[in-house]
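# Structural characterization, general
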Amino acid sequence: MQPWALPAVVATTFALSLSACRGADREFDCTYQAERFEAAAEKEGVLLPAVSDIGTYPLGMMISEDGINRLLSGVVGDDVPFASEMQLGPARVKFTPLSTPVIDVVSIPTCNQCVLFSLEFKFGVVQGDPEEGLTAGLGDAFMAIPIRLRERDDGSAALVALYNEATVSKMDLNANGIDSENFEAISGALALLATDIVREQYGETELLVIGSLDIGNQDVKAQARDLFVVPDLDAIVLGMETNLELPEGAGLDQPKALPEGTAMGLIFDPQMILAVSQRMIVEGEIARRYGEDGQPDEDGLYGVTMDNMTAGTVNNDRLDTTFRVWRTDEGYCGYAIAEMPLILGINASSGLSVSPGNVAVVGGEGSGRLAADREELIMQNEGLIDNFKAALAEQVGLTLNYRSIGVEGSSIFFEPLSIDVDAETDTVNFYLDFVVADSE
């Protein structure tokens, strides 16, 4: 490998001549560099005893109003509130929904984790003997439904709609020219009765089950911790935490609105992607050491550590990655600092794609410092670089392609729409469409 690949005798002679000119220089000392390499490697991919609860959220999930409506209709189906009867004095009132319920993400002063449920219905009023006839009319209802996260025994979290805590805030009827909007007492009484009925007849309804990352040997966890109803974004946002040790300052700011027509978005802090990638090196999914032929080798004299991932500023599809290639044995040691973009996109046939770009050496120490500006450093270690960046791209793709999302009793099918890397917010944003279908 350029000077690193020189025969041992020549490399040793060169190193001795440097020492003679500059005095003792630890930059080239293999014991010194091997110790530093091991120290750097030990700091990567560290797992915490449990999933963090500090509220920084290195991973987030956004679900739009349309997405929530799809979940509701896909899970609840035709069995929706107001398909029921109500006793109103001597009369019985039977309600039949006329439309699919609509969920709106709006500000509800009495409940900051509620969404507004509305639907139109028809009703019939039976007084006394059913054979005496039926008075028919139309109506609409508005109901605040709390949305919560429930931690499950297996470590996943369920997004649930609490119909048993719902409140009918308004209910209007119109029959035979009499409109209950003109009679506040009647409308209020109907809302109270409807609230009691909904709470009695409907319980918690799971809309979505959010599991962990499915990567490596399953030691890396991601868990939905908090739920935010954000009317300004017309969406709910789930803040997710991990059991990976992240650098100070890692975490998401409030995300931007989803693109129009997008049902779901996954938002990643690049530091989360970096930490997962480092963990995949620890677990052996990405090789840590390489031999002189560039192939993975546990006893190889070359090693790799990762420094950083950040949103690229050139285009909105680059995740810029910085890593180090170390030489730790056989004289003339050091490391080179390399930069490589990962190009993110959507492939029509296979979905999400992650393609490694060209590698450039930007600095280093010891042998890496002297060779930092030499193209042959990359050319002569092409095998090592190719193996590393291919494995890294694969694992980043698996991380971004998060699919541990399910619906009890139904199947959910995802379609990748787009992915962008936002330098302003330093986030990777993966946008998805989905369909909920009966498992049968």
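Quick caveat, the model's predicted, so the values are computed rather than measured.

What follows covers the sheet that holds strand 13 (residues 264-268). Strand order in the open sheet made by the six strands is 11-12-1-13-22-21, with antiparallel pairing throughout. The sheet is open, and its two edges are formed by strand 11 (222-230) and strand 21 (410-422), each paired on a single side. Strand-to-strand, the axes of this sheet are offset by a mean angle of 20°, without reference to chain direction. Where strand 1 (residues 59-64) and strand 12 (residues 235-242) come together, six bridges link them in antiparallel fashion. Counterpart to Leu59 in the pairing with strand 12 is Met240. Contacts between helix 8 (residues 382-400) and the sheet are confined to strand 13, strand 21 and strand 22 (427-438), with strand 13 contributing the most and set at about 130° to the helix.

Our next topic: the packing of aromatic side chains. Considering all chains together, one arrives at seven aromatic pairs under this definition. Between Phe323 and Phe388 the ring centres are 4.8 Å apart and the planes differ by 45°, which places this aromatic pair in the tilted class. One end of the pair, Phe323, is in strand 16 (residues 318-327); the other, Phe388, is in helix 8, with 65 residues separating them in the sequence. Residue classification places Phe323 among the buried positions, given a relative accessible area of 1%.

For the rest of this paragraph, the subject is the pairing of strand 22. Counting buried residues in strand 22 gives nine out of 12 residues, a clear majority hidden from the surface. The sheet contact formed by strand 13 and strand 22 spans five bridges and is antiparallel. Its bridge partner lying in strand 22, Ile267 is registered against Asn429.

Turning our eyes to something else, we now look at the pattern of salt bridges. Opposite charge on two side chains permits pairing when their charged atoms draw close. Evaluated as defined, the whole model comprises 15 salt bridges. One salt bridge in this structure joins Lys256 and Glu424, with 3.4 Å as the shortest N-O distance. Note that Lys256 is positioned in the loop between strand 12 and strand 13 and Glu424 in the loop between strand 21 and strand 22, a separation of 168 residues in sequence. Under the relative-accessibility criterion, Lys256 is labelled partly exposed at 45%. The shortest N-O distance in the salt bridge between Arg318 and Asp320 comes to 3.0 Å. Taking the relative accessible area as the measure of exposure, Asp320 reaches 22% and is therefore partly exposed. Sharing partners across several salt bridges, the network here consists of Asp66, Arg70 and Asp433.

For the rest of this paragraph, the subject is the state of the cysteines. The tally for this structure, following the rule as stated, stands at two disulfides. Each sulfur of the disulfide joining Cys111 and Cys114 lies 2.0 Å from the other. Disulfide Cys111-Cys114: the torsion about the S-S bond is 80°, which places it as right-handed. As far as burial versus exposure is concerned, Cys111 and Cys114 are alike and both buried. In the protein chain, numbering the disulfide-bonded cysteines from first to last in sequence yields the connectivity 1-4, 2-3.

Time to look at the side chain of Asn243. Within the secondary structure, Asn243 is located in the loop between strand 12 and strand 13. Judged by relative accessible area, which is 6%, Asn243 ranks as buried. What Asn243 contacts, discounting residues up to four positions off in sequence, is Val46, Leu47, Leu48, Ala50, Val51, Asp219, Val220 and Lys221.

A few words on the packing of helix 5 (residues 270-282) against helix 8. For the pair helix 5 and helix 8, the least separation of the axes is 10 Å and the interaxial angle reads 125°. For the element pair helix 5 / helix 8, the angle class is oblique. Considering only the axes of helix 5 and helix 8, their crossing is right-handed. Listed contacts from helix 8 to Ile273, Val276, Ser277, Met280 and Ile281 of helix 5 are Phe388, Leu392, Gln395, Val396, Thr399 and Leu400. In terms of residue class, the contact of helix 5 with helix 8 is made up of eight nonpolar, three polar and no charged.

What counts, and where the lines are drawn
- Residues numbered from 1 in each chain as written.
- Predicted model: local features only at pLDDT ≥ 70, side-chain atom pairs only at ≥ 80, totals over all residues.
- Heavy atoms only, no water.
- Pairing = 2+ DSSP bridges.
- Helix = DSSP H or I, 4+ residues; strand = E, 2+ residues; numbered from the N terminus.
- Axes fitted to C-alpha atoms, helices over the stretch in contact; angles between N-to-C directions.
- Contact = heavy atoms within 4.5 Å.
- Phe/Tyr/Trp six-rings, centres within 6.5 Å; stacked < 30°, edge-to-face > 60°.
- Buried < 20%, exposed > 50% of the residue type's maximum accessible area, 1.4 Å probe, protein only.
- Salt bridge = Lys/Arg side-chain N within 4 Å of Asp/Glu carboxyl O.
- Disulfide = S-S within 2.5 Å.
- Parallel < 35°, antiparallel > 145°, perpendicular 65-115°, else oblique.
- Left-handed = near helix turned anticlockwise from the far one by under 90°.
- Nonpolar A, V, L, I, M, F, W, Y, C, P; charged D, E, K, R; others polar.

Geometry only, nothing functional implied.
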